[in-house]
Amino acid sequence: MTADTISTNPDLFERAVASLTQRPSFMAHLLSVAFAGDVSTARLVAELDCAPASAIRLALMRVPRNDRKMFREDVDRISEAAGVDRMLLLAIIRQAQSLIAFGVDGSANDQQGMLLAARDVVQRSDDQED
Amino acid sequence: MSLDPEKLASIHARLVDGDPTASTDLFEIVYGPLIGHALKRHRAFGVNHDQAEDLALKALADLVEQPAQFDPTKGGSLFGFLCMVVDGDAINFGKMNKNRAEKFSQHAVEILEVGGNTYEIAPEIRIDAVHIMEKYGPEIIVDEGDEKVLNLYLQEERDYAPYARALGIEHLAPKERNAEVKRRKDRIEMRLKRLRKRL
């Protein structure tokens, strides 16, 4: 298998992404919450401003860890590996975590830690850009 | 098609380290071959392509979430381990299908018409739902409105507005209304989880 397997078999991996929306530990789930259940490649491409294969790759990744330091590193790693703008990714993660914290997807509130980490990273980034 | 054991070992190490990008690399390399393995070994026993995808995806997703379940020091390849997991799940799946076919072969499939569309309700779902409600209904539906909340919950309704309408609390301020909907949904979910543990 070569690294462009996703490009040559997009349907197969799109179905995998759809299934992984049920698993909170995957980005597919966060994206599903952020985009009201629509994780079609077309939607992901439009929202993430990236190539179709990159959108699928992102959805197959794990969500960033809750620890604040690790969260920042994980977001950096995810954005770099998927070729997605870091601040855009952060905003989407934060949006999803807000929705989860308010119980929109019915999952447990242990995502609160990630919400705090996301807010912390965004605030620090804003400070650094001033 | 050969799978590079060293490459897989490296990906596994990254999973253990918590690298969030490792799962994508794992899927890219292993997903297709694992589906192929499931079909090759279990198609003759009733596993179709969709089911093979489900089996492979479950094995990979479980490994991503719990990478320590594979111990590289014990010898054996990661792909071999995943194949073993798929084989186990496929066998259980086959047993379930056989039991289901034997148990429900005497019952017809019910056709349900809703809004011009027809749906088949497999007999086991209908019988199980009736059985569960007859036996355990009073444990799930306790307060007024619980039955409506349960129906919405089972339909995976995410919007809070239908719940608020069902409970007659649309007049409340949004914050109070949403808090009450969440409270009632959480209670139903808790009762279902407790019941599931017992059954």
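Residues numbered from 1 in each chain as written. Chains lettered and ligands numbered in written order. Predicted model: local features only at pLDDT ≥ 70, side-chain atom pairs only at ≥ 80, totals over all residues. Heavy atoms only, no water.

Some words on the overall build of chain A
Counting its regular elements, chain A contains 8 helices and 0 strands. The linear arrangement of helices and strands in chain A, starting from the amino end, is α-α-α-α-α-α-α-α. Counting all 130 residues of chain A, 48% fall into the buried class. Put simply, 58% of the contacts in chain A that link residues at least 6 apart link residues at least 24 apart. Only carbon and sulfur atoms are counted for the fraction: they give 50% of the accessible area of chain A, which is about 5,900 Å². (Helix = DSSP H or I, 4+ residues; strand = E, 2+ residues; numbered from the N terminus. Buried < 20%, exposed > 50% of the residue type's maximum accessible area, 1.4 Å probe, protein only. Contact = heavy atoms within 4.5 Å. Areas by Shrake-Rupley, 256 points an atom, 1.4 Å probe, with all protein chains shown as cover.)

Brief notes about the overall build of chain B
Secondary structure assignment for chain B yields 8 helices and 2 strands. Ordered by position from N to C terminus, the α and β elements of chain B give α-α-α-α-β-β-α-α-α-α. Counting all 199 residues of chain B, 36% fall into the buried class. Of the accessible surface of chain B, which amounts to about 12,300 Å², a share of 53% is contributed by carbon and sulfur atoms.

Here's the deal with unusual backbone geometry
Residue and element names in this part refer to chain A. The phi dihedral of Ala36 falls on the positive side, at around 55°, and the residue is not glycine. Here Ala36 is to be found in the loop between helix H3 (27–34) and helix H4 (41–48). Classification of Ala36 as exposed rests on a relative accessible area of 70%. Positive phi, close to 55°, is recorded for Asp49, a residue that is not glycine.

Overview of helix H2 (residues 10–20) of chain A
Within H2 of chain A the residues assigned to the buried category are Leu12, Phe13, Ala16, Val17 and Leu20 of chain A. Along H2 of chain A, the residues classed as buried sweep out an arc of 140° about the axis, all on the same side. Elements in contact with the buried residues of H2 of chain A: helix H1 (5–8), H3 and helix H5 (52–59) of chain A together with helix H2 (22–42) and helix H3 (49–65) of chain B. (Arc of directions from axis to C-beta.)

Things to note about the interface of chain B and chain A
Residue-level contacts link 28 residues of chain B with 29 residues of chain A. Across the interface of chain B and chain A, roughly 2,500 Å² is buried in total on both sides, 55% from carbon and sulfur atoms. If you sort the residues of chain B by the area they bury against chain A, Pro20, Glu28 and Arg158 of chain B come out on top, with a joint share of 27%. Counting the contacts that link chain B with chain A gives 6 salt bridges. Here Glu28 of chain B and Arg57 of chain A are joined by a salt bridge, their closest N and O atoms 2.3 Å apart. (Buried area = accessible area lost by both parts, 1.4 Å probe. Salt bridge = Lys/Arg side-chain N within 4 Å of Asp/Glu carboxyl O.)

As for the packing of aromatic side chains
Counted under the stated rule, the structure contains 4 aromatic pairs over all chains. Summarising the aromatic geometry, the rings of Phe26 of chain A and Phe27 of chain B are spaced 6.5 Å apart at their centres and angled 85° between planes, so their arrangement reads as edge-to-face. Here Phe26 of chain A, found in the loop between H2 and H3, pairs with Phe27 of chain B, found in helix H2, and the two come from separate chains. Neither residue differs from the other here; Phe26 of chain A and Phe27 of chain B are each classed as buried. Arranged with centres 5.3 Å apart and planes meeting at 45°, the rings of Phe70 of chain B and Phe81 of chain B form a pair that is tilted. Of the two residues, Phe70 of chain B sits in the loop between H3 and helix H4 (78–104) while Phe81 of chain B sits in helix H4, which places them 11 residues apart along the sequence. (Phe/Tyr/Trp six-rings, centres within 6.5 Å; stacked < 30°, edge-to-face > 60°.)

What to know about the side chain of Arg191 of chain B
Residue and element names in this part refer to chain B. Following the sequence through the fold, Arg191 ends up in helix H8 (residues 174–198). A distance of 2.8 Å separates a polar atom in the side chain of Arg191 from a polar atom in the side chain of Asp146. Discounting residues that sit within four places of it in the chain, Arg191 has contacts with Glu139, Ile140, Val142, Asp143 and Asp146. (Polar contact = N/O pair within 3.5 Å; in protein donor to acceptor, adjacent residues only side chain to side chain.)

Quick word on helix H6 (residues 68–82) of chain A
All names here are of chain A. For H6, spanning 15 residues, the distance from its first C-alpha to its last is 21 Å, which sits close to the expected 21 Å at 1.5 Å a residue. Looking at H6, one finds that the buried residues are Phe71, Asp74, Val75, Ile78, Ser79 and Ala82. Buried residues of H6, viewed axially, fall in a sector of 125°; they line one side. With respect to the buried face of H6, the exposed residues turned more than 90 degrees away are Lys69 and Glu80. The opening residue of H6, the one whose side-chain oxygen lies 3.2 Å from the backbone nitrogen of Lys69, is Asp67. Backbone geometry just downstream of H6 places Gly83 in the positive-phi region, at approximately 70°. (Expected span 1.5 Å × (residues − 1).)

Thoughts on the nonpolar core
Counting residues in hydrophobic clusters, the biggest one holds 68 residues, and the most contacted among them are Leu58 of chain A together with Tyr31 and Leu34 of chain B. Of all the elements, H2 of chain B adds the most residues to this core, at 10 residues. In this view, Leu58 of chain A contacts Met27, Leu31, Leu48, Ile78, Ala82, Val84 and Leu89 of chain A; residues no more than four positions away in its chain are not counted. If you look at the next biggest cluster of nonpolar residues, it comprises 14 residues, including Tyr136, Tyr160, Ala164 and Leu192 of chain B. (Core = buried A, V, L, I, M, F, W, Y, C linked by side-chain atoms within 4.5 Å.)

A short note on the environment of Thr21 of chain B
Relative to the helices and strands, Thr21 of chain B resides in the loop between helix H1 (5–17) and H2. Since its relative accessible area comes to 6%, Thr21 of chain B is described here as buried. Apart from the residues lying within four places of it in its own chain, the contact partners of Thr21 of chain B are Met61, Arg77, Ile78 and Ala81 of chain A together with Arg14 of chain B. In this structure the side chain of Thr21 of chain B is engaged in a polar contact, spanning 3.1 Å, whose partner is the side chain of Arg14 of chain B.

The analysis is restricted to geometry; functional conclusions fall outside its scope.
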